[in-house]
Amino acid sequence: MSTPAVTTPSRWRALTRHHLFWPVAVLIALLLVNVPFTPDFFAIRMADGHLYGSLVSIVLFGSPLILVAVGMTLVIATGGIDLSVGAVVAITGALTCSYISDQADQNALAGVFLAMGIGLVAAVVCGLWNGFLVARMGIQPIIATLIIMVAGRGVAQLITDGQIITINSEPYKLIGGGYWLTLPFSIFVVAAVVAVTVALTRRTALGLLVESVGGNAEASRLVGIRSRRIKIMVYMFCALCAGIAGLMISSNTSAADGNNAGLWIELDAILAVVIGGTSLLGGRFSIGGTVIGALVIQTLTTTIYTIGVPTQTNLVFKAAVVIVVCLLQSPKFRAKVFGAKGARTTAPAEPATPADAAPKMEVSR
Amino acid sequence: MAEPRPVLEMTGIVKEFPGVRALSGVDFRLFPGEIHALMGENGAGKSTLIKVLTGVHTLDGGTITLDGKAVRIGSPLQAQHAGISTVYQEVNLCPNLSVAENIFIGREPTRAGRIQWKQIRKEAAEMVDRLGLDIDVTAPLSSYPLAVQQLVAIVRSVGHGDSDGEGSGTKVLVLDEPTSSLDRDEVLELFRLMRRLRDEGVAILFVSHFLDQIYEICDRMTVLRNGTLVGEHMVADLDQVGLIELMIGKALDQLEELHEHQLRSDVGETLVKAEGLGRTGGIAPFDLEIKKGEVLGLAGLLGSGRTELARLLFGADQPDSGKVTVAGKQVSMSAPNDAIGAGVAFCSENRKTEGLVPDLTVRENIILALQASRGWTRPIPASQRDELVAKYIKALDIRPANPEARVGQLSGGNQQKVLLARWLITQPKLLILDEPTRGIDVGAKAEIQKLVVSLSEDGMSVLYIAAELEEVLRLSHTIGVLRDRKLVAQLTNGPEITTSKILETIASGEHQ
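**Q** Before we move on, could you go through the sheet that holds strand E1 (residues 8-17) of chain B and cite the residues and values that matter?
**A** All names here are of chain B. In space, the four strands of this open sheet follow the order E2-E1-E4-E5, with antiparallel pairing throughout. Pairing within the sheet leaves two strands with one partner each, and these edge strands are strand E2 (20-30) and strand E5 (69-71). Shown here is a sheet whose adjacent strand axes are inclined to one another by a mean of 30 degrees, direction ignored. Sheet topology note: the E1/strand E4 (residues 61-66) ladder contains five bridges and is antiparallel. Residue pairing for E4: Val14 is matched across the bridge by Gly61.

**Q** Go over the nonpolar core with me, naming the residues and quoting the values.
**A** One broad trend across soluble globular proteins is that nonpolar side chains are buried collectively. Ranked by size, the top nonpolar core spans 175 residues in total, and within it B:Leu309, B:Leu313, B:Phe314, B:Leu463 and B:Ile502 carry the most contacts. Considering every element that reaches this core, the biggest residue donor is helix H3 (residues 54-77) of chain A, with 12 residues. Sequence-distant contacts of B:Phe314, defined by excluding residues within four places in its chain, comprise A:Leu222, B:Met333, B:Ala335, B:Pro336, B:Ala339, B:Ile340, B:Val344, B:Ala345, B:Phe346, B:Trp423 and B:Ile432. Listed in part, the 51 residues of the second largest apolar core include B:Leu133, B:Leu141, B:Ile214 and B:Leu243.

**Q** Please provide a residue-by-residue account of the interface of chain B and chain A, values included.
**A** Tallying the contact residues gives 38 residues for chain B and 32 residues for chain A. A combined buried area of about 3,100 Å² lies between chain B and chain A, and 59% of that area is made up of carbon and sulfur atoms. Our count for the contact surface shared by chain B and chain A stands at two salt bridges. One salt bridge connects A:Glu218 with B:Arg311, and the closest N-O pair in it is separated by 4.0 Å.

**Q** Outline the sheet that holds strand E21 (residues 478-483) of chain B, supporting the account with residue identities and numerical values.
**A** All names here are of chain B. The strand order E18-E19-E20-E15-E21-E22 describes an open sheet built from six strands, whose pairing is mixed. Either end of the sheet is taken by a strand with one partner, and the two such strands are strand E18 (344-347) and strand E22 (486-492). Across this sheet, the average inter-strand angle for adjacent strands is 20 degrees, counted without regard to direction. By the bridge criterion, five bridges tie strand E19 (residues 430-434) to strand E20 (residues 461-465) in an arrangement that is parallel. Counted as the bridge partner of Leu433 is Tyr464 from E20. Against the sheet, helix H18 (residues 499-508) makes contact with strand E15 (295-299), E21 and E22, and its axis sits at roughly 35 degrees relative to E21, the strand it touches most.

**Q** Please provide a residue-by-residue account of the pairing of E20(B), values included.
**A** Residues and elements named next belong to chain B. Most of E20 is tucked away, with five of its five residues classed as buried. Side-chain alternation along E20 places Ser461, Leu463 and Ile465 on one buried face and Val462 and Tyr464 on a second face that is also buried. In the sheet, E15 pairs with E20 via four bridges, with the strands oriented parallel. Bridge pairing links Leu298 to Ile465 in E20.

Each value, and the rule that gives it
- Residues numbered from 1 in each chain as written.
- Chains lettered and ligands numbered in written order.
- Predicted model: local features only at pLDDT ≥ 70, side-chain atom pairs only at ≥ 80, totals over all residues.
- Heavy atoms only, no water.
- Pairing = 2+ DSSP bridges.
- Helix = DSSP H or I, 4+ residues; strand = E, 2+ residues; numbered from the N terminus.
- Axes fitted to C-alpha atoms, helices over the stretch in contact; angles between N-to-C directions.
- Core = buried A, V, L, I, M, F, W, Y, C linked by side-chain atoms within 4.5 Å.
- Buried < 20%, exposed > 50% of the residue type's maximum accessible area, 1.4 Å probe, protein only.
- Contact = heavy atoms within 4.5 Å.
- Buried area = accessible area lost by both parts, 1.4 Å probe.
- Salt bridge = Lys/Arg side-chain N within 4 Å of Asp/Glu carboxyl O.

See the structure below:
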């Protein structure tokens with residue numbers, strides 16, 4: 001039914017209505033803002049067999065956030081939220097580093113692997129606890145995960161005796177600070193986790209069931225979905241992601257800081273998920289959107305430094321940009337500001353995300 | 001009768017959804033002091049037209065004139081301010097708030113910024129009183145059955161217009177399927193109020209699938225089909241057969257076919273057996289047997305325990321006593337999973353809250369039950385999935401026939417078909433249908449009933465719940481009669497069983 005005459009505008013509209021359009025547009029815009037201040041912003045150069053450049057740094061420094069946000073996406077899709085991820089980052093780092101620091105040979109591979117295993121198991125146990133409280137005990141997710149958010153920092157400090165534990169382990173350094181095939185090793189870790197998550201949710205039926213549980217919990221129960229099991233799994237997965245981020249952060253600094261590692265990362269992660277187009281009400285989720293959302297936040301942080309916003313005001317600046325980003329993503333706001341023409345096809349009764357982004361036939365107007 | 005000026009005129013209304021043209025150039029007018037029926041099959045565009053009128057959807061073309069002035073209705077609030085009040089098919093109130101709060105929400109009387117709770121309770125009690133309802137306005141809405149909640153929604157809506165001469169009163173009252181969950185007495189109550197409002201000059205737009213009600217209460221009707229206007233008629237000038245033909249655009253053979261249909265007589269061995277199954281506050285312990293290929297109908301007034309019985313059989317609620325065996329094996333019934341595993345399927349009467357996942361597509365909603373039973377690790381292969389979905393969309397004539405459409409955008413009847421498809425795809429042994437024809441037009445009603453008959457012929461057992469006794473009588477081999485949350489009788493269907501016989505049993509509470 002599509003006549004050639006309407007192809008271009010309808011293609012454009014299909015593009016603007018794609019669920020990743022606005023997050024990507026914001027990311028590109030933020031990257032471009034840097035150019036006047038740092039003319040070689042997009043340049044990537046090779047030194048000592050490693051690639052350097054602002055883009056590489058953004059991905060490198062954004063890696064822990066991407067990991068945490070990816071796990072958070074699934075939790076939010078079930079209609080929950082996980083505030084404990086920052087504390088889990090700290091616990092994992094603390095356990096792993098204190099185990100490594102007790103080793104006679106901190107460079108021994110076996111010891112490092114065991115240490116990482118201990119850290120990750122602890123993270124998963126935290127997730128199990130969260131999932132148990134939410135799914136079995138019926139506690140509101142924000143309260144249930146608040147427990148570890150608050151208590152977890154204390155646990156991390158108990159593990160480190162309130163000290164910052166520093167280590168000197170070459171193999172461990174690789175995860176967060178090393179290079180492989182000219183790129184930071186973290187990027188490979190992130191790519192692997194994202195790929196596994198996408199496969200896990202879209203190649204199996206997990207994604208559909210998660211969206212169903214988040215979209216209508218009672219209907220899901222009546223259709224026979226074991227929603228408790230799915231919720232517990234999702235909280236465990238989220239904690240595992242946070243645990244890997246914890247390894248990355250402590251590896252990057254070769255130190256475990258129970259107080260500051262992953263501080264406020266839960267808030268950035270939630271923000272990344274929302275910027276990526278996943279509704280806090282649960283239901284439809286987008287891993288790709290979340291990754292872009294996390295990159296937007298990291299780019300923003302980088303931008304704040306390159307354009308030289310004074311340190312005292314950088315949180316205010318960040319907040320202002322976040323408000324603009326969120327407004328741009330609201331169809332209602334766009335309709336008000338850019339006139340009615342873009343918004344007419346979106347039924348106003350429906351909140352935020354156009355659920356289905358596949359190109360559709362459009363009647364030209 | 002000299003024709004006065006219409007209070008409302010809608011001209012050339014167009015509304016599109018992605019991939020669907022819900023309304024194309026529909027004209028509609030409404031005169032003061034009339035009750036006007038909006039008729040049409042599911043998906044004909046009734047609900048869409050109403051939502052355009054009440055500001056839920058913005059229109060894509062056409063004009064709306066209210067009292068001779070062109071208006072733009074951008075939101076439900078604007079519609080209310082313009083004097084258009086609405087009661088929707090499915091109750092849109094806050095179940096956690098009290099009845100009084102629900103009636104006044106959004107227009108609480110205040111003094112110096114403080115809400116006048118005493119006044120709210122007093123006025124709410126008066127309004128409820130005037131409707132002749134025995135409702136404690138301080139109790140939470142959720143403590144009342146759906147029928148009463150519906151009445152509260154109506155009280156809320158007309159109450160706005162009644163609020164003694166302040167601002168614009170209700171000029172147009174839209175009632176979208178208000179009667180689908182009311183029993184006869186409640187309907188009469190509602191009709192009395194509708195007539196009074198009509199005599200006061202309010203224009204009432206009434207949508208109902210009960211043709212008898214249309215003929216009882218309405219003055220004029222507008223018929224839609226496939227998003228276009230078919231005609232506007234005085235009710236007195238058009239008989240029921242003529243109306244149905246206008247609605248479905250073809251003669252009535254489909255319905256008659258069903259009437260002539262003989263029930264399959266040879267039902268098989270016992271499939272499901274419940275012994276002493278009961279739940280305090282839900283339904284008293286009962287014994288029940290359903291045979292293979294049997295249709296067991298449940299008759300009883302609203303709130304007599306029909307739904308509660310069905311939910312216990314499915315494990316949606318946990319029983320405190322008794323046991324269930326399916327095909328000879330005892331099933332634990334601690335959760336729906338157990339029942340589903342044993343081959344029981346359940347379509348709830350509350351499509352919106354207990355059935356659909358509105359954000360997901362038609363395809364995803366259809367495969368949900370099958371996928372849930374396979375577990376998350378074994379997704380249905382894409383080709384098999386698409387084939388199954390296409391097959392059921394075609395078999396049940398789900399419109400639009402687009403598996404990518406968001407299920408929330410479908411009309412009520414098509415949503416019901418999606419739910420049916422969801423369970424049929426799992427090939428259950430026992431299909432429990434709780435009010436599957438509620439809020440559905442004649443054509444789809446007949447289709448669903450025909451489907452039940454043919455499923456039973458293929459050996460599937462069906463537990464069928466419907467408010468209309470004729471429906472239960474027509475389809476069932478056995479009729480379970482409920483009264484006051486007790487299964488009081490089980491009648492074997494035969495020539496001597498009539499609706500009046502069932503009514504008698506309900507009234508006397510015993511099996512004669």
